[in-house]
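Secondary and tertiary structure notes
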Amino acid sequence: MSIFTRLRHLLGGQKELSPEDLAREEELKKQLRERCARFRRLLSSNKNALEIMSEVEEALAGSRPFGMSYVRGAGTRAATAVYQMVRELNALSDNQYESLQTAFNDVSGRITDVLERKSLVTDGPLLLPLTDIRLGDMPQVGGKMANLGEVSANVGLAVPDGFAVTVNAYHAFMEYNGLRDEISRRIQSADMDSMDDLFSLSAALQQCILNAPLPPQLEQAIEEAVAGMVERCGSELRLALRSSAVGEDALGVTFAGQYRSELNVLPEEACEVWKEIVASKYAVTAMSYRFQRGIPDEAAPMSVGVLSMVQALAGGVAYSRDPVASRQGRGQVTLNAVPGLPQAVVDGAVTPDVFAFSRQNPPELLEKHIAYKAFRLDCAPEAAQGVSRSDLEGEAAVRPSLTDAQARELAQVALALEEFSTSRRTWNGRWNPMRATRVS
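Conventions used here
Residues numbered from 1 in each chain as written. Predicted model: local features only at pLDDT ≥ 70, side-chain atom pairs only at ≥ 80, totals over all residues. Heavy atoms only, no water. Helix = DSSP H or I, 4+ residues; strand = E, 2+ residues; numbered from the N terminus. Buried < 20%, exposed > 50% of the residue type's maximum accessible area, 1.4 Å probe, protein only. Contact = heavy atoms within 4.5 Å. Areas by Shrake-Rupley, 256 points an atom, 1.4 Å probe, with all protein chains shown as cover. Expected span 1.5 Å × (residues − 1). Arc of directions from axis to C-beta. Axes fitted to C-alpha atoms, helices over the stretch in contact; angles between N-to-C directions. Parallel < 35°, antiparallel > 145°, perpendicular 65-115°, else oblique. Nonpolar A, V, L, I, M, F, W, Y, C, P; charged D, E, K, R; others polar. Polar contact = N/O pair within 3.5 Å; in protein donor to acceptor, adjacent residues only side chain to side chain. Pairing = 2+ DSSP bridges. Bend = angle between axes of the 7 residues up to and from the residue. Phe/Tyr/Trp six-rings, centres within 6.5 Å; stacked < 30°, edge-to-face > 60°.

Our next topic: the overall build of the protein. Looking only at helices and strands, the protein has 16 helices and 12 strands in total. Residues counted as buried form 42% of the 440 residues belonging to the protein. Restricting to contacts in the protein with at least 6 residues of sequence separation, those with at least 24 account for 68%. As displayed, the protein has an accessible area near 23,300 Å², and 53% of this comes from carbon and sulfur atoms.

Given below as structure tokens:
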């Protein structure tokens, strides 16, 4: 008996329904309530799915970076919403759309294959000796160390002894301490447009890394490699630990100057300083740079080069093609040099001597400008670590950092390196001449 019949009975004074009729009527009401509830859930799930898709489109169109944690979360929420839609629609239609469930399972399975968190391969080499590194190792050791290894093997120039702590080591360290998920969670919850939040996030993430222990096998590998360098180079060995950015070519960016490098490091401090280099990935400038360019955190793993420190008589920057002169239609090799370490040139703290050479072989000195150099940087003496500063006065401040012969030799080195790398890109680099020309 329908609900309308029931009403007519009540209004018309007809006799009460039998228990069987009442039971059937209650069952009908129950089915109606259930179908209404399913229809509401269908509409709600459809709304949720559309909102998630709109949210993803906004993320793709915006400048705020997001990582795979966000993508996986959005994928899971969207799949849940669509699954509920399929389930409710089949329940409302007595399974007239069973093929939808099959299609959903197929699409969902393929999406899961793409989004499933693959275990990062950490069983590859944790370290690579510089003598074994080639350009093909760039995904593991970064552009700086890959190019240095290639120069060492093929150009015939003296290159400092050393090795690279690979991306595999970086991933092993992060996995060992559970830092990947923690860092991702903190980055996703921070307001990257707020400088206060950015500074707080930077300090917290760097502290997480500095407080984390190295996996025993990584610590042992670094200590053994450094001990080997001490045997080859002597007990007075000091190290330079330099970040070697990974992914610059793939991302179309450069991380130059974003990460930390440490000079004149005591061999026994190599492991701790390695962590400091890794932690510099989360310096304010580095995080802001990646954020502004939409680079997710996992797209920029860290490799570190560990090199024997050169006691530099002079250092600086060499350009095989001076960019300023080139814009003026003049092709020339330009050297910027200071006494001691090249850090004072790189950070602009000292006005360098400038030597300009022609690009012919042998190069011809076109002009030179000897600057007044107020101080110099050198490796701190004996047991001290780091860099020491010495003020220069009088004749010492205006003495050329290089002789003309030394400058000409370096110009030839720059041209040789450019010729070697012409098929890839114009070379520019830093140099530390000592007894022989070295590239670092």
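So, about helix α9 (residues 216-233). End to end, α9 covers 26 Å across 18 residues, agreeing with the expected 26 Å (1.5 Å per residue, within 8%). Within the span of α9, buried status applies to Leu-218, Ala-221, Ile-222, Val-226, Gly-228 and Met-229. All buried residues of α9 fall inside an arc of 150 degrees around its axis, so they share one side. Buried residues in α9 make contact with β1 (127-129), β2 (162-165), α6 (167-176), β3 (239-245), α11 (270-279) and β5 (302-308). Backbone geometry just after α9 places Gly-234 at a positive phi near 105 degrees.

It is the contact of helix α7 (residues 179-189) with helix α8 (residues 195-211), at a shortest axis distance of 11 Å, that shows an interaxial angle of 175 degrees. On the basis of the axis angle, α7 is roughly antiparallel to α8. Residues Leu-179, Ile-183, Arg-186 and Ile-187 of α7 pack against Leu-201, Ala-204, Leu-205, Cys-208 and Ile-209 of α8. Here the residues of the contact of α7 with α8 are counted per class, giving eight nonpolar, no polar and one charged.

Secondary-structure assignment places Ser-320 in the loop between β6 (314-319) and α13 (323-327). We classify Ser-320 as buried; its relative accessible area is 0%. Looking at Ser-320, its side chain comes within polar contact range of the side chain of Glu-418, at 3.0 Å.

The geometry of α9 relative to α11 is characterised by a closest axis approach of 9 Å and an angle of 115 degrees between their N-to-C directions. Residues Leu-218, Glu-219, Ile-222, Glu-223 and Val-226 of α9 touch α11, and the partners they reach there are Ala-270, Cys-271 and Trp-274. Partitioning the contact of α9 with α11 into residue classes produces six nonpolar, no polar and two charged.

All right, on to the sheet that holds β1 then. One open sheet accounts for five strands, arranged β1-β2-β5-β3-β4; its pairing is antiparallel. Sheet topology places β1 and β4 (261-265) at the edges, where each strand pairs with a single neighbour. For this sheet the average axis-to-axis angle between neighbouring strands, irrespective of direction, equals 20 degrees.

Okay, helix α5 (residues 138-154) next. Residues spaced three or four apart along an α-helix face the same direction, because each turn holds 3.6 residues. Compared with an ideal rise of 1.5 Å per residue, which puts 17 residues at 24 Å, α5 spans 16 Å between its outermost C-alpha atoms and falls more than 12% short. The largest bend along α5 reaches roughly 80 degrees and is located at Lys-144. Regarding α5, the residues found buried are Met-138, Val-141, Gly-142, Gly-143, Met-145, Ala-146, Asn-147, Leu-148, Gly-149, Glu-150 and Val-151.

All told, the structure shown has two aromatic pairs when counted by the stated rule. Residues Tyr-83 and Phe-104 carry aromatic rings whose centres are separated by 5.8 Å and whose planes lie at 45 degrees to one another, so their mutual orientation is tilted. Separated by 21 residues along the polypeptide, Tyr-83 in helix α3 (residues 68-92) and Phe-104 in helix α4 (residues 98-115) bring together distant segments of the chain. The exposure class assigned to Phe-104 is buried, which follows from its relative accessible area of 14%. For the pair Phe-173 and Trp-274, a centre-to-centre distance of 5.3 Å together with 85 degrees between the ring planes defines the contact as edge-to-face.

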